[in-house]
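Chains, contacts and geometry: an overview
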Amino acid sequence: GMKKSLLLLGAVALLIAGCGGSSKSSSPSTTSGSKAGAGKKIGLVTDIGGLNDRGFNHLSYVGLQRAGRELGVQTQVFQAKSPQDYVPNLSTFARQGYDLTIGVGFTEADAIATAAKSFPNSNFAIVDVDQTTEPGKPKNLLGLLFKEQETGYLVGYLAGLEEKRRPGPDVIGSVGGQKQPPVDRFIAGYQAGAKAADPG
């Protein structure tokens, strides 16, 4: 949850630092109170889950707002109503000269590869997608990846302990939202953690 949001913020901060910037000052202490991201613009494109998904669209937005507060970046969000909105939304930020456009989630993988190819001088990032798996492996695209299996393992371990404590056969289940690599990693970790806590 929050760790994912903080990791996103960290990636955003790194991307801002890497987006040009002048080298006038050799020491960070001479910035006299100005914020690191002042004058930078970051656009966020949600998937069709929207900002109220109680999940990663929401947490990405929380991270974006924090970047606005703490780094002084200008931010804007486009919420996709359908998958057909992905390419136009991503492209609009690039056309408007945004320093970084972030797509939230695996369902935007094809769209962001298309946008990155169409706008080679713009910077893009996408949550839960490995850049090296994208068509053409766009150099202006960063994949923001997480170790979902570790979170899954902890939850699975807890589930195994709870099930072992209860009378009767030890049975738990896992249901993924969609068949995609991050979900597969969560489930693999969950099952491994449960078996470690309760081999039966």
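Now for a description of the structure that goes with this document. Keep in mind that this is a model prediction, so the values were computed, not measured.

1. Notes on the overall build of the chain
Broken down by element type, the chain carries six helices and five strands. Starting at the N terminus, the α and β elements of the chain follow one another as α-β-α-β-α-β-α-β-β-α-α. Per-residue burial over the chain gives 40% buried out of 200 residues. Sequence-distant contacts in the chain: of pairs separated by 6 or more residues, those separated by 24 or more amount to 60%. Accessible surface, the chain: about 11300 Å² in total, of which carbon and sulfur atoms supply 56%.

2. A word on the environment of Val104
Mapped onto the secondary structure, Val104 falls in the loop between β3 (100-103) and α4 (109-118). Classification of Val104 by relative accessible area gives buried; the value is 0%. Put simply, Val104 and Asp47 are 57 residues apart on the chain and 6.0 Å apart in space, counted from C-alpha to C-alpha. For Val104, the residues in contact, after removing those within four places along its chain, are Leu44, Val45, Thr46, Asp47, Phe56, Asn57, Ser60 and Val127.

3. Topic: the environment of Ile126
As for its placement among the helices and strands, Ile126 is situated in strand β4 (residues 124-127). With 23 residues separating them in the primary sequence, Ile126 and Gly103 have C-alpha atoms 4.7 Å apart. Among all residues touching Ile126, those that are not within four sequence positions of it are Gly103, Gly105, Glu108, Ala109, Ile112, Leu141, Leu142, Gly143 and Leu144.

4. A short note on the packing of helix α3 (residues 86-95) against α4
Where α3 meets α4, the axes come as close as 9 Å, and the angle between the chain directions of the two elements is 35°. At the point where α3 passes α4, the crossing takes the right-handed sense. On α4, the residues touching Tyr86, Val87, Leu90 and Ser91 of α3 are Ala111, Ile112, Thr114 and Ala115. Of the residues belonging to the contact of α3 with α4, the class tally is six nonpolar, two polar and no charged.

5. Overview of the sheet that holds strand β2 (residues 74-79)
If you walk across this open sheet you meet the five strands as β2-β1-β3-β4-β5, and the pairing is parallel. Edge strands, defined here as strands with exactly one partner in the open sheet, are β2 and β5 (141-144). Strand after strand, the sheet turns through a mean of 20° between neighbouring axes, direction not considered. By the bridge criterion, four bridges tie strand β1 (residues 41-46) to β3 in an arrangement that is parallel.

6. What about the pattern of salt bridges?
Applying the stated criterion to the full structure yields five salt bridges. In this structure, Arg185 engages Glu148 in a salt bridge whose closest nitrogen and oxygen atoms are separated by 2.9 Å. Here Glu148 lies in helix α5 (residues 148-165) and Arg185 lies in helix α6 (residues 181-197), a separation of 37 residues in the sequence. For Lys179, the salt bridge identified is with Asp184, shortest N-O distance 3.1 Å. Among the residues examined, Lys179 registers a relative accessible area of 73% and is labelled exposed. The exposure class assigned to Asp184 is partly exposed, which follows from its relative accessible area of 31%.

7. Focus: α4
In an α-helix there are 3.6 residues to a turn, and that puts residues three or four apart on one side. Those residues of α4 not exposed but buried are Ala109, Ala111, Ile112, Ala113, Ala115 and Ala116. The inward-facing, buried residues of α4 contact α3, β3, β4 and β5.

8. Topic: the packing of aromatic side chains
Centre distance and the angle of the planes are the two values used to describe a pair of aromatic rings. On inspection of all chains with the given rule, the structure shows three aromatic pairs. Taking 4.3 Å as the distance between ring centres and 15° as the angle between the ring planes, the aromatic pair formed by Phe78 and Phe93 counts as stacked. Of the two residues, Phe78 sits in strand β2 while Phe93 sits in helix α3, which places them 15 residues apart along the sequence. We note that Phe78, like Phe93, is buried. Aromatic pair Phe93 and Tyr98: ring centres 4.6 Å apart, planes at 55°, arrangement tilted. Each member of the pair Phe93 and Tyr98 is classed as buried.

9. Topic: a nonpolar patch on the surface
Taken together, the side chains of Tyr153, Leu154, Tyr157 and Leu161 present a nonpolar region at the surface, about 380 Å² in accessible area. With respect to the helices and strands, Tyr153 occurs in helix α5.

What counts and how
Residues numbered from 1 in each chain as written. Predicted model: local features only at pLDDT ≥ 70, side-chain atom pairs only at ≥ 80, totals over all residues. Heavy atoms only, no water. Helix = DSSP H or I, 4+ residues; strand = E, 2+ residues; numbered from the N terminus. Buried < 20%, exposed > 50% of the residue type's maximum accessible area, 1.4 Å probe, protein only. Contact = heavy atoms within 4.5 Å. Areas by Shrake-Rupley, 256 points an atom, 1.4 Å probe, with all protein chains shown as cover. Axes fitted to C-alpha atoms, helices over the stretch in contact; angles between N-to-C directions. Left-handed = near helix turned anticlockwise from the far one by under 90°. Nonpolar A, V, L, I, M, F, W, Y, C, P; charged D, E, K, R; others polar. Pairing = 2+ DSSP bridges. Salt bridge = Lys/Arg side-chain N within 4 Å of Asp/Glu carboxyl O. Phe/Tyr/Trp six-rings, centres within 6.5 Å; stacked < 30°, edge-to-face > 60°. Patch = residues over 30% accessible without salt bridge, like charges linked within 9 Å, V, L, I, M, F, W, Y side chains within 5 Å.

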